[in-house]
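Spelled out, the chains give:
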Amino acid sequence: MVDKDKVWTFKDLKKIPLVLVTWQDITTTHNGWFDSVEDLKVASIKTPGWILVEDEECVKMISTIGFMDNEAILGFDTIIPTGCIKNITVLRKHWWK
């Protein structure tokens, strides 16, 4: 697990592999009244990025990394409940090369 209050540097982030998290998300029909739930499904989502924090409750990840001087700028955060995650695949361990 990575320190959630950390100020990120390139040296820190290059230790974290680029991953693809496959997870299930809630959906809704947004149609008001209905008489059957037979066709309702959860959505299968794929989120690429870097996992910064992972614990028993959730995964906190970002999908964009920028740099100013030696400090990183993080963007497009996503928090995924652990119970929704189906798979985590390492896409590239040494992504900065």
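In what follows, the structure referred to is the one given above.
Fair warning: this is a prediction, and the values are worked out from it, not measured in the lab. (Residues numbered from 1 in each chain as written. Predicted model: local features only at pLDDT ≥ 70, side-chain atom pairs only at ≥ 80, totals over all residues. Heavy atoms only, no water.)

Some remarks on the state of the cysteines
Then, in step 1: Per the counting criterion, the structure on display carries zero disulfides.
Then, in step 2: Free cysteine C58: the closest other cysteine sulfur is in C84, separated by 11 Å.
Then, in step 3: The exposure class assigned to C58 is buried, which follows from its relative accessible area of 12%.
Then, in step 4: Accessibility expressed as a relative area gives 26% for C84, which makes it partly exposed. (Disulfide = S-S within 2.5 Å. Buried < 20%, exposed > 50% of the residue type's maximum accessible area, 1.4 Å probe, protein only.)

Considering the nonpolar core
Then, in step 1: Core analysis: the largest hydrophobic core is formed by 10 residues, namely W8, L13, I16, W50, L52, V53, I62, I65, A72 and W95.
Then, in step 2: When contributions to this core are tallied by element, the ones reaching two or more residues are β2 (43–54) and β3 (58–68).
Then, in step 3: Dropping the residues within four chain positions of it, A72 is found in contact with W8, T9, L13, G66 and F67.
Then, in step 4: If you look at the next biggest cluster of nonpolar residues, it comprises eight residues, including I51, V59, M61 and I80. (Core = buried A, V, L, I, M, F, W, Y, C linked by side-chain atoms within 4.5 Å. Helix = DSSP H or I, 4+ residues; strand = E, 2+ residues; numbered from the N terminus. Contact = heavy atoms within 4.5 Å.)

Looking at the side chain of D12
Then, in step 1: Its location among the elements puts D12 in helix α1 (residues 10–13).
Then, in step 2: Residue D12 is classed as buried on the basis of its relative accessible area, which comes to 16%.
Then, in step 3: With near-sequence residues (within four places) excluded, D12 lies in contact with K6 and V7.

Quick look at unusual backbone geometry
Then, in step 1: The backbone of F76 shows a phi angle near 55°, a positive value even though the residue is not glycine.
Then, in step 2: Position of F76 among the secondary structure elements: in strand β4 (residues 71–81).

Notes on the sheet that holds β3
Then, in step 1: Spatially, β4-β3-β2-β1-β5 is the arrangement adopted by the five strands of the open sheet, whose pairing is antiparallel. Each end of this open sheet is capped by a strand with a single partner; those strands are β4 and β5 (85–92). With strand direction ignored, the average angle separating the axes of adjacent strands in the sheet is 40°. (Pairing = 2+ DSSP bridges. Axes fitted to C-alpha atoms, helices over the stretch in contact; angles between N-to-C directions.)

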